[in-house]
Amino acid sequence: MDNMKIQFPHGEAVELEFGKPVVLLGANGSGKTRFSVKIEEINDPKFRRWNAEESIPIHRISAQKSLSIQDSISILDNDSSKRDLFFGGSDQHAVKFNYRFGTHPATFLLDDYNKALSLLFSQENMELQQAHIADKQAILQNEERPAPITTIVEKATSIWNELLPHRKIDLSGNGVHVLFGETRYHGKEMSDGERVILYMICQVLVQRQNTLLIVDEPELHIHKSIVEKLWTMLENERRDCVFMYITHDLSFAMSRIDSSILWIKQYNGTDWDYEILNSSEFSELPEELLYEIIGTRQKIVFVEGEKNSYDNLLYQELYRDKGYHVIACGGCQEVIRLVKAKKVYQKLNSVEVYGIIDRDFRTEQEIEELRKDGIFCLSVAEVENLFLVPELLDIMERVLICPDGTSQKAKDFIKSLFRDNIDNQVALALAQEMKYQLSLFELSGKWQTPKDIKTKIDARFSEERIAEYLADKEAIFNSVAEIPEILKVFNFKDMPKKIGVIFGLRDREEYPQKILRLLRLNNSERDSIMSAMKSYIPDLP
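Just so it is clear, the model here is predicted, and its values are computed rather than measured.

Draft legend 1. Looking closely at the overall build of the chain. A tally of regular secondary structure across the chain gives 21 helices and 15 strands. A compact globule built from 541 residues should have a C-alpha radius of gyration of about 24 Å, whereas the chain, at 32 Å, is more than 25% larger. Considering only C-alpha atoms, the chain reaches an extent of 105 × 70 × 50 Å along its principal axes. Residues counted as buried form 52% of the 541 residues belonging to the chain. Sequence-distant contacts in the chain: of pairs separated by 6 or more residues, those separated by 24 or more amount to 70%. A total of about 26,300 Å² of accessible surface is found on the chain, and carbon and sulfur atoms cover 48% of it.

Written out as structure tokens, the structure is:
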């Protein structure tokens, strides 16, 4: 059997492929855990009825679980051990509801570590008995004796020792001990990470064939350097099962090769809005970005820069209280591309996505065209200039306890720096204008000779037209005098670092960093800075 058919909450039958994981993603509070409970309830007749005939084995490992290991493990017969782990009790009347998960299956604290160990050891006892019988039979019939088997406990030991080679697990004698150098300690003394690793190994290895195994927060307590390797090893060990993960860890979600994405959009208390996605359907969006988009219920804002850049750190704070999730995407062209690319995918229509980019040397026409696509420009030339708006300079004079007039000195410095760089700024603005005009240049689809094309280019980029562009740029830069006007057109990324010296700061990075630190505090200083920058940043929909 290559597939299993699972009924989903809306009544549709969904085929899941053995050996191909499913990742549940969605914002906090979107009902992912309750969705998995519903999957278990509607597909497992034994969820409530002990005498029902089980069709699809489903085993759900809750994020809420006890990791305590008893001093000694009670080993039941194999059938009783299975019922005890899978249904919550060793007698035949045990069912998941009441027995395994109490009456609140979504929030009940699962306490089945020792049951998993009991079944692991019981399973090995049965394997050894069967191997012994087969060996005796071969001797009696004068046949070749079978090769030694690899027991389930030996598999568990091998996986553990590959993951944690410096701490050997000892599961001999139906007990749990760890060897670390010359020290041997009981399993109950293991760290949370060590205990959860052994717990997951046991849970996976003892599963029945063709099981849907639902794991809530598979990364919990496990170091990032190990978690992906652990679940890859366990998936490879149980290719006969389907692993369904509920996770907020985007790195882990992306590590699940060839996985299906189950996007839980929202939950109203009785029903879910969900969508099955395949990342290959969204070729214009990087996989990590796709996962991050569907992992939040907030509006999305793509910004320039990297995760630790001023753009990202500053916008995170400026839009923190406005219900937006900020994602750094690199350069401005990437921001523009991604905002436009998202609009192509109808399955993502419920997600609002906008972009914020630097104004740079863009014309009002460019800015308006971008705004139509949901891409907004700052009211200053670049994000670094937000640290220099005059209202903020006045605030920082007071906050840094500087002498009276320090803010004015900073403003005078900006004006002087601008005057010294006008010619260079005009040249850069002209170059940007030429690139923009070239982007508007279109050729008809019919065949044209190089001479035809050259004629059209000459007409559009004649010496007179270029002179007009240059005169426009010179007029813009020569007409500005006050700080807000200068910051609107002046591109000079090092200005915040140079201003710090005027405020008595030695480290070139200290001035913008102090502002970022103040923005992270919930106090009057944060409110003042927010108010100072408000009129210079886009008011998003």
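Draft legend 2. Structural view of the packing of helix 6 (residues 192–205) against helix 7 (residues 224–237). Contact pair helix 6 / helix 7: the axes reach a minimum separation of 10 Å and the direction vectors enclose 15 degrees. Viewed along their axes, helix 6 and helix 7 adopt a mutual orientation that is roughly parallel. For the pair helix 6 and helix 7, the crossing hand works out as right-handed. On helix 7, the residues touching Ile197, Met200, Ile201, Val204 and Leu205 of helix 6 are Ile226, Leu230, Trp231, Leu234 and Glu237.

Draft legend 3. Broad picture of the nonpolar core. Residues Tyr315, Leu386, Leu392 and Tyr511 are the most contacted members of the largest nonpolar core, which totals 56 residues. For this core, the element with the highest residue contribution is helix 20 (residues 510–519), accounting for five residues.

Draft legend 4. The arrangement of the sheet that holds strand 7 (residues 183–186) in detail. Strand order across the open sheet formed by three strands is 5-6-7, with antiparallel pairing between neighbours. Looking at the sheet topology across the chains shown, the edges are occupied by strand 5 (168–170) and strand 7. Recorded for the sheet is a direction-independent mean angle of 30 degrees between the axes of neighbouring strands. As defined by bridge partners, strand 6 (residues 177–180) adjoins strand 7 across four bridges and the pair is classed as antiparallel. The residue bridging histidine 177 from the neighbouring strand is histidine 186, located in strand 7. Across the sheet, helix 5 (residues 152–163) lies against strand 5 and strand 6, angled at about 160 degrees from strand 5, the strand it touches most.

Draft legend 5. The pattern of salt bridges, seen in detail. Taken as a whole, this structure holds 40 salt bridges when the rule is applied. Across the pair glutamate 352 and lysine 299 runs a salt bridge, and its minimum N-O distance is 4.0 Å. Here glutamate 352 is found in the loop between helix 11 (332–344) and strand 14 (353–357), whereas its partner lysine 299 is found in strand 12 (residues 299–303), with 53 residues between them in sequence. Residues participating in the shared-partner salt-bridge network are Glu40, Asp44, Arg60 and Lys96.

Draft legend 6. The environment of valine 37, seen in detail. The topology assignment puts valine 37 in helix 1 (residues 32–43). Sequence separation between valine 37 and phenylalanine 47 is ten residues; the distance between their C-alpha atoms is 10.0 Å. Not counting residues within four places of it along the chain, the set of residues in contact with valine 37 comprises Phe47, Arg60, Pro105 and Ala106.

Draft legend 7. How the structure looks around the sheet that holds strand 14. A sheet is described by the order of its strands in space; here four strands give the open sequence 13-12-14-15, paired in parallel fashion. Of all strands in the sheet, those with a lone pairing partner are strand 13 (324–328) and strand 15 (375–377), marking the two edges. Geometrically, the sheet is characterised by an average inter-axis angle of 25 degrees between neighbouring strands, direction not taken into account. Two strands pair when backbone bridges link them, and strand 12 and strand 14 are joined in this way by four bridges, in the parallel orientation. Paired with phenylalanine 302 across the strands is glycine 355, a residue of strand 14. On the sheet, helix 10 (residues 310–318) packs against strand 12, strand 13 and strand 14 and is oriented at approximately 180 degrees with respect to strand 13.

Draft legend 8. Structural context of the packing of aromatic side chains. A full pass over the atoms with the stated rule returns 21 aromatic pairs. Taking 5.3 Å as the distance between ring centres and 65 degrees as the angle between the ring planes, the aromatic pair formed by tyrosine 310 and phenylalanine 387 counts as edge-to-face. Here tyrosine 310, found in helix 10, pairs with phenylalanine 387, found in the loop between strand 15 and helix 13 (390–399); they are 77 residues apart in sequence, far enough to count as distant. For tyrosine 310, a relative accessible area of 15% gives the class buried.

Draft legend 9. Looking closely at the pairing of strand 1 (residues 3–7). Every second residue of strand 1 is oriented toward a common face, the buried set being Met4 and Ile6 and the non-buried set Asn3, Lys5 and Gln7. Here five bridges tie strand 1 to strand 2 (residues 13–17), and the two strands are oriented antiparallel to one another. The residue of strand 2 that forms the bridge with methionine 4 is leucine 16.

Draft legend 10. The arrangement of the packing of helix 5 against helix 7 in detail. Between helix 5 and helix 7, whose axes approach to 10 Å, the crossing angle comes to 155 degrees. Compared by their axis directions, helix 5 and helix 7 come out roughly antiparallel. Every pair of crossing elements has a handedness; the one defined by helix 5 and helix 7 is right-handed. Residue-level contacts link Lys155, Ile159, Glu162 and Leu163 of helix 5 to Ile226, Lys229, Leu230, Met233, Leu234 and Glu237 of helix 7.

Draft legend 11. The arrangement of helix 5 in detail. Between its first and last C-alpha atoms helix 5 spans 17 Å; for twelve residues at 1.5 Å apiece the expected length is 16 Å, and the two agree. Taken together, the buried positions of helix 5 are occupied by Ile152, Val153, Ala156, Thr157, Ile159, Trp160, Asn161 and Leu163. In this fold, the buried residues of helix 5 make contact with helix 4 (113–140), strand 5, strand 6, helix 6 and helix 7.

Draft legend 12. Structural view of the pairing of strand 10 (residues 260–267). Bridge analysis of strand 3 (residues 22–25) against strand 10 gives four bridges, and the strand direction is parallel. Bridging from a neighbouring strand, leucine 25 pairs with tryptophan 263 of strand 10. For strand 10 and strand 11 (residues 272–277), the ladder comprises six bridges, and the chain directions are antiparallel. For isoleucine 264, the partnering residue across the bridge sits in strand 11 and is tyrosine 274.

Draft legend 13. Structural context of unusual backbone geometry. Positive phi values are uncommon outside glycine, yet asparagine 98 reaches one of about 85 degrees. Following the sequence through the fold, asparagine 98 ends up in helix 3 (residues 96–100). Look at asparagine 98 and you get partly exposed, because its relative accessible area is 49%.

Parameters and conventions
Sequence order sets the numbering: in each chain, residues are counted from 1 along the sequence as written. With pLDDT at 70 or above as the cut-off, local features in this predicted model cover only qualifying residues; side-chain atom pairs require 80 or more to be listed or tallied, and sums for whole chains, interfaces and linings still use all residues. Side-chain numbers come from the whole structure's heavy atoms, not from hydrogens or water. What counts as a helix is a DSSP run of H or I of at least four residues, what counts as a strand is a run of E of at least two, and both are numbered from the N terminus. The quantity called the radius of gyration is restricted to C-alpha atoms. Its globule counterpart is 2.2 Å times the number of residues to the power 0.38. Per-residue accessibility, obtained with a 1.4 Å probe over protein chains only, is compared with the maximum for each type, and a residue is labelled buried under 20%, exposed over 50%, and partly exposed between these values. It only takes one pair of heavy atoms within 4.5 Å for two residues to be counted as in contact. Here the Shrake-Rupley method, with its probe set to 1.4 Å, supplies the accessible areas, and only the displayed protein chains count as covering residues. To obtain an axis, a line is fitted to C-alpha atoms, over the contacting stretch when the element is a helix, and the angle between two such axes runs from 0 to 180 degrees between their N-to-C directions. Geometric relationships in this document are graded by angle, where less than 35 degrees denotes roughly parallel, more than 145 denotes roughly antiparallel, 65 to 115 denotes roughly perpendicular, and other angles denote oblique. Left-handed is the label given to a crossing in which the near helix is rotated counterclockwise from the far helix by less than a right angle, and right-handed is the label when the rotation is clockwise. Side-chain atoms within 4.5 Å link the members of a nonpolar core, which is a set of buried Ala, Val, Leu, Ile, Met, Phe, Trp, Tyr and Cys residues. Two strands form a pair only when DSSP identifies at least two bridges running between them. A carboxyl oxygen of Asp or Glu within 4 Å of a side-chain nitrogen of Lys or Arg is what we treat as a salt bridge. The pairing test for Phe, Tyr and Trp rings, Trp by its six-membered ring, is centres within 6.5 Å, and the orientation test on the planes gives stacked under 30 degrees, edge-to-face over 60, and tilted for anything in between. Residue count minus one, scaled by 1.5 Å, sets the expected span of a helix.

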